[in-house]
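# Coordinate analysis (summary)
Below are the chains, spelled out letter by letter.
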Amino acid sequence: MAHAPEPDPATSDLGEERPKWDNKAQYFLSCIGFAVGLGNIWRFPYLCQTYGGGAFLIPYLIALVFEGIPIFHVELAIGQRLRKGSVGVWTAISPYLSGVGLGCVTLSLLISLYYNAIVAWVLWYLLNSFQHPLPWSSCPPDLNRTGFVEECQGSSAVSYFWYRQTLNIAADINDSGSIQWRLLLCLAASWAVVYMCIIRGIETTGKVIYFTALFPYLVLTIFVIRGLTLPGATKGLIYLFTPKMHILQSPQVWLDAATQIFFSLSLAFGGHIAFASYNSPRNDCQKDAVVIALVNSMTSLYASIAVFSVLGFKATNDHEHCLDRNILSLINEFDFPEQSISRDDYLAVLMHLNATWPKRVAQLPLKVCRLEDFLDKSASGPGLAFIVFTEAVLHMPGAPAWAVLFFGMLFTLGLSTMFGSMEAVITPMLDVGVLPRWVPKEALTGLVCLACFLFATCFTLQSGNYWLEIFDNVAASLNLLILAFLEVVGVAYVYGMKRFCDDIAWMTGRRPSPYWRLTWRVVSPLLLLTIFVAYITLLSQKPLSYRAWNPKYELFPARQEKLYPGWVLAACVLLSLLPLLWVPGVALAQLLTRRRMWRDRDARPDTNTS
């Protein structure tokens, strides 16, 4: 990252011209597509609702200003100035930091494995949405066709379709089970689509990104318009954004806000470094960092409105059905005329009957029907997409069309994120010359996608969902925190703040303000360190466990809490350390190489003559 204005690193060491984006829109949409992913749809709304939207936005915005945007700016700046992938960038900053780049590549590879498995699940649901009625709308008949499948009756049609007909999930992680061929075919199709889109790098992704990045906004807008017209939508939004200021006293809300910003912007993956390396060196990366980060956060808020307007409708619908079942029980028990009790009068009638006929009322199978309880039944992650939202869609007129739009949106969101994740892997490989130059890029890309597909087949086993949760919780979180910490510290203290500011001044025409310098030097590293300590503290307070779907569990359909066996814990440790092992390993190898060179030089006889 030379700070003098003369050199222009627009060409590689071999003198070959580096590919460039056709226009700024391609680069901007690629960064937006990479940053805006499935987490914006199914994690941010959940956190916002859990902690009370108005209150949660306070730590969220603080984390955005002092953590997200500053680190995002660092990644865009170093990628744009050096015009290399993550490995080349950190090797240029310091050979001892090459392991940071290799760690980013390894981490992106691990995340790509399970992320595209989720895309395969989405594809399976998308394909099943082109039918009426939807296959998760009712329970299938049993073998004797005298009733319904017991597991479905004990849970729900939506849960049964997800856990049994889609995942065919095992009751224990020790039981790997067999490969689910429908999921394997969807996984193969998902990797084939990814390969076709990234086959020529930004030359092809730059064309596809116009659709994959913009289509989700079109669908979100359609859902917002439709959702706001549904009965109960206002109740869902009020519940979502009602401030719970007392919740700010909990350290958990601050930790969740900071980590949400971190993962939402896809920091420390290496994808943004790769994308920025195809920019013109004189591009205003500071403006890009601020705009893209703000668009990403606004998208999360926009998605929350779309999601909770529909979930408010679902909660209202479920609340009304609960009241109707209780009213029917009262009418049948006390021989009231039909429709003699309205929903509005139910509580008053119940109180009167409970006062006059308490024993008869106590024998009835009445359930507590509170709207807040149904609104609380939101979920995060796949549970929101494949259970809660799919059930909400069933209540909407023209359900198959809404299902196609919803899962089509998730599919394109997943693809856009996969473009960035794979670019973070392939760009460094091309930069360091993993294969000979005569091997075409298409072949390298194909080999990487094929290898990823083969490794990802473990997620199509009956225990695959449990392993995907392990990859998501263990492989991603800890590694991303440490790699981002090393990134900002490496630039601020190893490369040097003055040199870095000189480079930004050369690229943008203005030196970074005190805000940028202070966050890079002090605030962001301390914030990341605090998050890391809090994460480790929370992790150590309870043993690692998972929630199994077990139809024989006495509290079924509640999921059974189980501890991971020892061999799985060993795999968790390996996954959490694998990307990070590159950092000390490469630094040690570099140190030993330098020492050997010094010894060889000292041992060489002096051939100079006097």
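About the criteria used
- Residues numbered from 1 in each chain as written.
- Predicted model: local features only at pLDDT ≥ 70, side-chain atom pairs only at ≥ 80, totals over all residues.
- Heavy atoms only, no water.
- Helix = DSSP H or I, 4+ residues; strand = E, 2+ residues; numbered from the N terminus.
- Buried < 20%, exposed > 50% of the residue type's maximum accessible area, 1.4 Å probe, protein only.
- Contact = heavy atoms within 4.5 Å.
- Areas by Shrake-Rupley, 256 points an atom, 1.4 Å probe, with all protein chains shown as cover.
- pLDDT = per-residue confidence, 0-100.
- UniProt positions renumbered as here; feature names shortened; annotations may be inferred.
- Polar contact = N/O pair within 3.5 Å; in protein donor to acceptor, adjacent residues only side chain to side chain.
- Patch = residues over 30% accessible without salt bridge, like charges linked within 9 Å, V, L, I, M, F, W, Y side chains within 5 Å.
- Salt bridge = Lys/Arg side-chain N within 4 Å of Asp/Glu carboxyl O.
- Core = buried A, V, L, I, M, F, W, Y, C linked by side-chain atoms within 4.5 Å.
- Phe/Tyr/Trp six-rings, centres within 6.5 Å; stacked < 30°, edge-to-face > 60°.
- Disulfide = S-S within 2.5 Å.
- Pairing = 2+ DSSP bridges.
- Expected span 1.5 Å × (residues − 1).
- Axes fitted to C-alpha atoms, helices over the stretch in contact; angles between N-to-C directions.
- Parallel < 35°, antiparallel > 145°, perpendicular 65-115°, else oblique.

## A short note on the overall build of the chain
Secondary structure assignment for the chain yields 24 helices and two strands. Once the C-alpha set of the chain is aligned to its principal axes, its extents read approximately 120 × 50 × 45 Å. Within the span of the chain, comprising 610 residues, buried residues form 53% of the whole. Residue pairs at least 24 apart in sequence account for 82% of intrachain contacts in the chain once pairs closer than 6 positions are excluded. Surface exposure of the chain reaches about 26,600 Å², of which carbon and sulfur atoms provide 64%.

## A short note on the environment of C139
Checked against the element boundaries, C139 lands in the loop between α6 (98-128) and α7 (150-154). When the C-alpha positions of C139 and S155 are compared, they lie 9.8 Å apart, and in sequence the two are 16 residues distant. If sequence neighbours within four positions are ignored, C139 has contacts with F148, C152, Q153 and A157.

## Digging into the confidence of the model for the chain
Parts of the model with low pLDDT should not have their predicted coordinates read in detail. Across the chain, the average pLDDT comes to 88, with 96% of residues at 70 or higher. When pLDDT is averaged over each element of the chain, helix α9 (residues 181-198) comes out on top at 96 and helix α17 (residues 371-375) at the bottom at 80. Within the model, the stretch residues 1-15 combines pLDDT values under 50 with 32 contacts to residues more than four positions away or in other chains.

## A word on the UniProt feature "binding site: Na(+)" (unreviewed entry) in the chain
Under the local residue numbering, the UniProt record ascribes the feature "binding site: Na(+)" (unreviewed entry) to G33, A35, V36, N40, S264, N296 and L413. Spatially, the listed residues are clustered: although they cover 381 residues, their C-alpha atoms lie within 12.6 Å of one another. Tracing the backbone through its elements, the reader meets N40 in helix α2 (residues 38-42). Residues in contact with N40, not counting those within four places in the same chain, are A35, P45, S264, N296, S300 and A303. A polar atom in the side chain of N40 sits 3.0 Å from the backbone nitrogen of G37. Inspection of the secondary structure assignment puts N296 in helix α14 (residues 285-334). Given a relative accessible area of 0%, N296 falls into the buried group. Sequence-distant contacts of N296, that is, excluding residues within four places in its chain, are made with A35, V36, N40, S264 and L265.

## Observations regarding a nonpolar patch on the surface
Together, Y493, V494, L518, V522, L526, L529 and V533 line one region of the surface with nonpolar side chains, adding up to about 630 Å² of accessible area. Elements that contribute at least two residues to the nonpolar patch include exactly α21 (464-508) and α22 (514-541). Ranked by residues supplied to the nonpolar patch, first place goes to α22 with five residues. Its location among the elements puts L526 in helix α22.

## Structural notes on the nonpolar core
Membership of the largest hydrophobic core comes to 175 residues, with the highest contact counts inside it found for W191, F407, L410 and M422. With 23 residues, the single largest contributor to this core is α21. Ignoring any residue separated from it by four or fewer positions in sequence, one finds F407 in contact with V122, Y125, L126, S129, W136, A385, F386 and T390. Listed in part, the 18 residues of the second largest apolar core include L330, V361, L364 and L371.

## Let's talk about the environment of S156
Within the fold, S156 resides in the loop between α7 and α8 (157-166). With a relative accessible area of 24%, S156 lands in the partly exposed category. With 246 residues separating them in the primary sequence, S156 and W402 have C-alpha atoms 20 Å apart. Within the structure, the side chain of S156 is placed 3.1 Å from the side chain of S159, a separation counted as a polar contact.

## Structural notes on the packing of aromatic side chains
In this structure the tally under the stated criterion is 38 aromatic pairs. For the ring pair F223 and W402, a centre distance of 5.3 Å and an interplane angle of 55 degrees mean the geometry is tilted. Of the two residues, F223 is situated in helix α10 (residues 202-228) and W402 in helix α19 (residues 399-432); the sequence distance between them amounts to 179 residues. Each member of the pair, F223 together with W402, is buried.

## Some points on the side chain of S576
On the secondary structure map, S576 appears in helix α23 (residues 566-577). With residues up to four places along the chain from it excluded, the contact list for S576 reads V474, L478 and N479.

## What to know about the state of the cysteines
Under the definition given, this model contains two disulfides. Shown here is the disulfide that connects C139 with C152, its sulfur atoms set 1.9 Å apart. Judged by the sign of its S-S torsion, about -85 degrees, the cystine formed by C139 and C152 is left-handed. Of this pair, C139 sits in the loop between α6 and α7 while C152 is found in helix α7, placing the two residues 13 residues apart along the sequence. What makes C139 buried here is its relative accessible area of 17%. The disulfide partner of C322 is C369, and the gap between their sulfur atoms is 1.9 Å. Every disulfide takes its handedness from the sign of the S-S torsion; for C322 and C369 that torsion is -75 degrees, giving left-handed. Of the two residues, C322 sits in helix α14 while C369 sits in the loop between α16 (358-362) and α17, which places them 47 residues apart along the sequence.

## Looking at the pairing of strand β1 (residues 545-548)
Residues Y546 and A548 line the buried face of β1, whereas the alternating positions S545 and R547 sit on a face that is not buried. As paired elements, β1 and strand β2 (residues 560-563) share four bridges and run antiparallel to each other. Bridge assignment links R547 to a residue of β2, and that residue is E561.

## A short note on α6
Between its first and last C-alpha atoms α6 spans 46 Å; for 31 residues at 1.5 Å apiece the expected length is 45 Å, and the two agree. Burial of α6 is extensive: 28 of the 31 residues sit out of reach of the surface.

## A few points about the packing of α9 against α10
Two measures define how a pair of helices packs: the angle their axes make with one another and the distance between the axes. Following both chains from N to C, one finds α9 and α10 inclined at 110 degrees, their axes separated by 6 Å at the closest point. Our classification of the angle between α9 and α10 gives roughly perpendicular. Contact with α9, carried on its side by M196, C197 and I198, involves T204, T205 and V208 of α10 and no other residues of that element.

## Focus: unusual backbone geometry
Note that the residue after H132, namely P133, is joined by a cis bond; omega there is 0 degrees. Mapped onto the elements, P133 comes out in the loop between α6 and α7. Unusually for a residue other than glycine, S266 sits at a positive phi of about 55 degrees. Tracing the backbone shows S266 in the loop between α12 (251-264) and α13 (271-276). Assessed through its relative accessible area of 5%, S266 is described here as buried. A positive phi is found at Q339, a non-glycine position, where the angle reads about 60 degrees. For Q339, the location among the structural elements is in the loop between α14 and α15 (346-356). Relative accessible area serves as the criterion here: at 79%, Q339 is assigned to the exposed category.

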